[in-house]
There are 2 protein chains.
Amino acid sequence: MARLLPSALEKLIDELGRLPGVGSRTAERYAYYLLRSDQRINDSLAAAIHDVHVLVKTCPVTFALIDADQDVSPLYSDSDRNKKLIAVVEEPLDIVALERTGQFKGTYHVLGGAISPIDGVGPEQLHIPELVNRIQDDAVEEIIIATNASVEGESTALFLQKYVRDAGVEVRMSRLARGIPVGVDLEYADQITLSHALEGRRSL
Amino acid sequence: MARLLPSALEKLIDELGRLPGVGSRTAERYAYYLLRSDQRINDSLAAAIHDVHVLVKTCPVTFALIDADQDVSPLYSDSDRNKKLIAVVEEPLDIVALERTGQFKGTYHVLGGAISPIDGVGPEQLHIPELVNRIQDDAVEEIIIATNASVEGESTALFLQKYVRDAGVEVRMSRLARGIPVGVDLEYADQITLSHALEGRRSL
């Protein structure tokens with residue numbers, strides 16, 4: 001059978017198929033959209049894909065993502081932020097989610113993932129020793145462990161808790177509350193979430 | 001509120017958000033993947049996005065997509081293909097779907113869309129006159145109208161049928177069969193599909 005599509009289009013479909021969760025049909029749709037769109041749109045996307053490696057770096061203190069010309073994350077250096085309170089998250093994008101609440105005025109620490117033996121991620125690949133150093137350097141009073149509510153997130157939280165205790169540093173530790181999300185009917189809440197919600201019930 | 005993400009990452013999220021069906025969460029996921037992937041992967045994707053405009057053109061006879069250095073679609077020029085039989089499709093990717101069946105040995109004609117007043121696509125934007133010219137030039141015996149089973153596809157098929165008759169050219173016209181797709185239970189088939197399946201029933 002002859003090749004059905006021009007080679008440049010097949011190449012683009014292959015390349016787009018590497019994106020997470022993108023199968024061949026979706027990649028075809030994206031590629032066809034890009035083929036029909038204006039050259040300026042494509043060039044602008046191509047430049048953004050190239051630039052993201054060049055213009056983004058990791059904050060050496062918090063491991064958040066920052067502009068290449070910044071020394072440290074503005075969410076750390078800003079004098080309005082309380083450096084004695086740290087929210088510990090798995091990934092940089094988790095910061096965006098927490099900031100959107102507008103409730104948190106502390107600083108962040110990105111672990112860079114969660115402990116997952118299946119994916120070959122052990123504690124030594126996470127920024128845990130750096131967190132202990134920060135707790136000591138900034139005389140931190142509380143860390144809020146804000147890992148995901150997944151098996152990996154839970155293991156990471158437990159490991160972190162033990163690690164900090166074993167390091168002998170004095171700091172309050174807390175976890176995000178588990179419970180029923182807003183807008184969800186009791187009958188649809190899973191068993192484990194409901195158990196958490198019962199356990200963590202608040203007196204009125 | 002301070003900017004939460006590096007500007008190059010925000011730019012990439014915006015750009016990826018233009019892809020069809022991609023919302024801000026999906027764009028974030030793609031952007032974060034690209035940020036963490038190897039520079040070579042990004043450069044290769046960026047090059048493919050740029051090249052697709054440069055290295056792909058439209059066949060002047062069939063309006064299929066071809067390499068920039070080809071004169072005409074190999075699915076037309078190939079001597080194995082029966083030029084007296086044309087499958088008329090809406091979009092170039094529809095050719096891929098039909099070729100995958102391995103059943104069709106004729107040639108193709110891409111209309112370049114379907115008639116859709118809502119999207120501002122009228123018959124004059126489709127390659128319909130070119131089809132009539134091809135029917136005459138190649139003494140075509142049959143055209144199979146293989147437009148989508150959507151309202152737009154149906155209108156386009158009806159318009160095309162009338163246009164060809166009015167042009168006074170002698171050619172057999174057929175439509176793809178409508179019916180129950182393989183693997184679907186009767187109880188889940190919608191009413192209209194089932195009506196088509198009844199109407200088009202085959203005697204045994």
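The rules behind these values
- All residue numbers here refer to positions counted from 1 along the written sequence of the relevant chain.
- In the order they appear in the text, chains get letters beginning with A and ligands get numbers beginning with 1.
- Selection of residues for local features in this predicted model requires a pLDDT of at least 70, selection of side-chain atom pairs for listing and counting requires 80 or more, and totals for whole chains, interfaces and linings are taken over all residues.
- Labels follow the DSSP assignment, with helices taken as runs of H or I lasting at least four residues and strands as runs of E lasting at least two, numbered in each case from the N terminus.
- For a compact globule the rule gives 2.2 Å times the number of residues to the power 0.38, and the radius of gyration it is set against comes from C-alpha atoms.
- Least-squares fitting of one copy onto the other uses the C-alpha atoms of those residues that reach a pLDDT of at least 70 in both copies.
- A strand pair is defined by DSSP finding two or more bridges across the two strands.
- Only the stretch in contact is used when a helix axis is fitted, and all axes are lines through C-alpha atoms; the angle between N-to-C directions ranges over 0 to 180 degrees.
- Placing a C-beta atom from the backbone of each residue, one calls two residues in contact when those atoms lie within 7 Å.
- A crossover counts as right-handed when, viewed with the strands pointing away from the observer, the path leading from the first strand over the helix to the second turns clockwise.
- Throughout, the ten residues Ala, Val, Leu, Ile, Met, Phe, Trp, Tyr, Cys and Pro are labelled nonpolar, Asp, Glu, Lys and Arg are labelled charged, and all others, Gly among them, are labelled polar.
- With C-beta atoms placed from the backbone, a residue counts as buried when 20 or more other C-beta atoms lie within 10 Å of its own, as exposed when 12 or fewer do, and as partly exposed for counts between those limits.
- Core membership is restricted to buried Ala, Val, Leu, Ile, Met, Phe, Trp, Tyr and Cys residues, and these are joined into a nonpolar core through C-beta atoms within 7 Å.
- Relevant arc is that of directions from the helix axis to the C-beta atoms, nothing else.
- Domain extents, as shown, originate in an automatic or database domain assignment.
- Oblique is the label for any angle not covered by the other classes, which are roughly parallel (under 35 degrees), roughly antiparallel (over 145) and roughly perpendicular (65 to 115).
- What makes a crossing left-handed is the near helix being turned counterclockwise from the far one by less than a right angle; a clockwise turn instead makes it right-handed.

**Observations regarding the overall build of chain A**
Line of reasoning, step 1. When helices and strands are counted, chain A shows 8 helices and 6 strands.
Line of reasoning, step 2. Listed N to C, the secondary structure of chain A is α-α-α-β-β-α-β-α-β-α-β-α-β-α in terms of helices and strands.
Line of reasoning, step 3. For chain A, whose C-alpha radius of gyration is 22 Å, the value lies well above the compact-globule estimate of 17 Å for 204 residues.
Line of reasoning, step 4. Once the C-alpha set of chain A is aligned to its principal axes, its extents read approximately 65 × 50 × 35 Å.

**Some thoughts on the relation of the copies chain A and chain B**
Line of reasoning, step 1. For the pair chain A and chain B, the superposition axis carries a translation of 0.1 Å, the fit reaches an RMSD of 0.1 Å, and the rotation angle comes to 180 degrees. Each copy turns onto its partner about a two-fold axis. Among all residues of chain A, the minimum C-alpha distance to the rotation axis is found for A46 of chain A, at 2.1 Å.

**Quick word on the sheet that holds strand 6 (residues 172-175) of chain A**
Residues and elements named next belong to chain A.
Line of reasoning, step 1. Spatial strand order, 4-3-5-6: 4 strands in an open sheet with parallel pairing. Of all the strands in the sheet, the pair left with one neighbour each is strand 4 (106-110) and strand 6. Going from strand to strand, the sheet's axes swing by 25 degrees on average, the running direction of each strand aside.
Line of reasoning, step 2. Here helix 7 (residues 151-166) sits on the sheet in contact with strand 3 (82-89), strand 5 (142-145) and strand 6, set at roughly 175 degrees to strand 6.

**Here we look at the sheet that holds strand 6 (residues 172-175) of chain B**
Residue and element names in this part refer to chain B.
Line of reasoning, step 1. With parallel pairing, the 4 strands of this open sheet are ordered in space as 4-3-5-6. Because the sheet does not close on itself, it has two edges, and the strands there are strand 4 (106-110) and strand 6. Each strand axis lies, on average, 25 degrees off the axis of its neighbour in the sheet, ignoring direction.
Line of reasoning, step 2. Pairing of strand 3 (residues 82-89) with strand 5 (residues 142-145), which is carried by 4 bridges, proceeds in the parallel orientation. Looking at strand 5, one finds that V88 is bridged to I145.

**Quick notes on the pairing of strand 3 of chain B**
Residues and elements named next belong to chain B.
Line of reasoning, step 1. Across 5 bridges, the pairing between strand 3 and strand 4 is parallel. Within strand 4, the residue paired with I86 across the bridge is T107.
Line of reasoning, step 2. The parallel pair strand 3 and strand 4 is bridged by helix 5 (residues 92-101), and the resulting crossover is right-handed.

**Observations regarding the interface of chain A and chain B**
Line of reasoning, step 1. The partner chain B presents 46 residues to the 47 residues of chain A that form the contact.
Line of reasoning, step 2. Elements supplying a minimum of two residues to the side of chain A that touches chain B: helix 1 (7-16), helix 2 (24-36), helix 3 (39-55), strand 2 (65-67), helix 4 (74-77) and helix 5 (92-101) of chain A.
Line of reasoning, step 3. Element by element, the count of residues in the side of chain A that touches chain B is highest for helix 3 of chain A, at 14 residues.
Line of reasoning, step 4. Class assignment of the residues belonging to the side of chain A that touches chain B gives a composition of 31 nonpolar, 6 polar and 10 charged.

**Some points on the pairing of strand 5 of chain B**
Residues and elements named next belong to chain B.
Line of reasoning, step 1. A one-sided burial pattern is seen for strand 5, the buried positions being I143 and I145 and the unburied ones E142 and I144.
Line of reasoning, step 2. For strand 5 and strand 6, the ladder comprises 4 bridges, and the chain directions are parallel. What sits directly across from I144, in strand 6, is S174.

**Remarks on the nonpolar core**
When a protein is soluble and globular, its nonpolar side chains tend to lie buried together.
Line of reasoning, step 1. If you look at the biggest cluster of nonpolar residues, it comprises 94 residues, and the most contacted ones within it are L12 and V88 of chain A together with L12 and V88 of chain B.
Line of reasoning, step 2. Once residues lying within four places of it in the same chain are set aside, the contact partners of L12 of chain B are A48, I49 and V52 of chain A together with A31 and L34 of chain B.

**Regarding helix 6 (residues 128-137) of chain A**
Residue and element names in this part refer to chain A.
Line of reasoning, step 1. Along helix 6, the residues that are buried comprise I128, L131, R134 and I135. End-on, the buried residues of helix 6 take up no more than an arc of 110 degrees, which puts them together on one face. For helix 6, the exposed residues set more than 90 degrees away from the buried face come down to P129 and D137.
Line of reasoning, step 2. Summarising the contacts, the buried residues of helix 6 are in contact with strand 3, strand 4, strand 5 and helix 7.
Line of reasoning, step 3. Note on helix 6: the residue one or two positions beyond its end, A139, has a positive phi of about 50 degrees.

**Some remarks on the domain arrangement of chain A**
Line of reasoning, step 1. Looking at the assigned domains, one finds that chain A contains domain 1 (7-57) and domain 2 (71-175).
Line of reasoning, step 2. The distance between the C-alpha centroids of domain 1 of chain A and domain 2 of chain A comes to 34 Å.

**Remarks on unusual backbone geometry**
Line of reasoning, step 1. Although it is not a glycine, A139 of chain A sits at a positive phi angle of roughly 50 degrees.
Line of reasoning, step 2. Secondary-structure assignment places A139 of chain A in the loop between helix 6 and strand 5.
Line of reasoning, step 3. With 11 C-beta atoms counted inside 10 Å, the residue A139 of chain A sits in the exposed group.
Line of reasoning, step 4. Despite not being glycine, F63 of chain B has its phi angle at roughly 65 degrees, a positive value.
Line of reasoning, step 5. Secondary-structure assignment places F63 of chain B in the loop between strand 1 (56-58) and strand 2 (65-67).

**What about the packing of helix 3 of chain A against helix 1 (residues 7-16) of chain B?**
Line of reasoning, step 1. Look at helix 3 of chain A against helix 1 of chain B: their axes get within 9 Å of each other, and the N-to-C directions meet at 150 degrees. The angle between helix 3 of chain A and helix 1 of chain B places the two elements in the roughly antiparallel class. You can see that helix 3 of chain A and helix 1 of chain B cross each other, and the crossing is left-handed. Each of S44, L45, A48, I49, D51, V52 and L55 of chain A in helix 3 of chain A lies in contact with helix 1 of chain B, whose residues at this interface are A8, L9, K11, L12 and E15 of chain B.
Line of reasoning, step 2. Its residues assigned to classes, the contact of helix 3 of chain A with helix 1 of chain B shows 8 nonpolar, 1 polar and 3 charged.

**Let's talk about the environment of D94 of chain A**
Residues and elements named next belong to chain A.
Line of reasoning, step 1. Relative to the helices and strands, D94 is located in helix 5.
Line of reasoning, step 2. In this structure D94 comes out as partly exposed when scored by C-beta crowding, with 19 C-beta atoms within 10 Å.
Line of reasoning, step 3. Residues within four places of D94 in sequence aside, it is in contact with V89 and A146.

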